[in-house]
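Here are the chains, one letter per residue:
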Amino acid sequence: MIRFYGSPNLETDRLILRKFDLDDIQSVFDHWISDERISDNRVSAAHKTVDETKERVEKIVRRYESKEFCHWGIELKGEGELIGEIDLYDFGHSTGNCEVSYSLGFNWWNKGYGTEALKAVVEFAFVHMNVHKISAAHNTDNPASGRIMTKAGMEQEGIIRDMIRNAKGQYKDCAVYGILGEDYLRNRAQPNIFKGI
């Protein structure tokens, strides 16, 4: 049975994963959500106006009232700069399974931040939330995202043709990855990133 704690702060060597607040709207817009290089790998279109981003961030902030809502901004430790987001979603109460997704601003690609954030969320989900399995998918034309998943311990389980259709109407094949809690816990060597329990 999944135990929910909402979206508590998670800390890694270089990052703080934290709740969004309304002061983040401009950073979210500037750093990733208005960038087509990022949105081409998402289902939703790049935002054209800050008002779109404001509406989205306000919705996220409202949802923090629920303990079952797990959505973090990825902030550079020490600098306070918001560089992306990561969330757990689609919780299956009968299976104990869920999915994870993440987006990182282009300026911070290929620096290991995505891997660091994903590892922290995977640990939190398995060690504290008692999640059974985490799944994720990436467009096959975005192999860098698959490398992040692999480095976080996930294994590719298959490719689904035309799994998504992006905002430009393009169908994308997706590679699906997964990791089981029992495998993660057996091989776990990471320190505890959440001290709140």
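Residues numbered from 1 in each chain as written. Predicted model: local features only at pLDDT ≥ 70, side-chain atom pairs only at ≥ 80, totals over all residues. Heavy atoms only, no water.

## Thoughts on unusual backbone geometry
For residues that are not glycine, phi is negative in most cases, and the peptide bond is trans in most cases. What counts here: What counts as a helix is a DSSP run of H or I of at least four residues, what counts as a strand is a run of E of at least two, and both are numbered from the N terminus. Burial classification: accessible surface area is computed with a 1.4 Å probe over protein chains only, and a residue below 20% of its type maximum counts as buried, one above 50% as exposed, and the rest as partly exposed.
Backbone geometry at Asp90 places phi at a positive 55°, although glycine is not the residue there. Mapped onto the elements, Asp90 comes out in the loop between strand 4 (82–89) and strand 5 (97–104). Here Asp90 falls in the exposed class, since its relative accessible area comes to 53%. The phi dihedral of Asn130 is positive, around 65°, even though this residue is not glycine. Of note, Asn130 is situated in the loop between helix 4 (113–128) and strand 6 (133–139). Note on Asn130: relative accessible area 35%, which makes it partly exposed.

## Details of the pattern of salt bridges
Heads up, the rule is: By definition here, a salt bridge exists when the distance from a side-chain nitrogen of Lys or Arg to a carboxyl oxygen of Asp or Glu is within 4 Å.
Per the counting criterion, the structure on display carries 13 salt bridges. Its salt-bridge partner being Arg18, residue Asp24 comes within 2.8 Å of it at the nearest N-O pair. Taken individually, Asp24 and Arg18 each receive the classification buried, so the pair is uniform in this respect. Where Glu75 meets Arg18, a salt bridge forms, and the shortest distance between an N and an O atom there is 2.5 Å.

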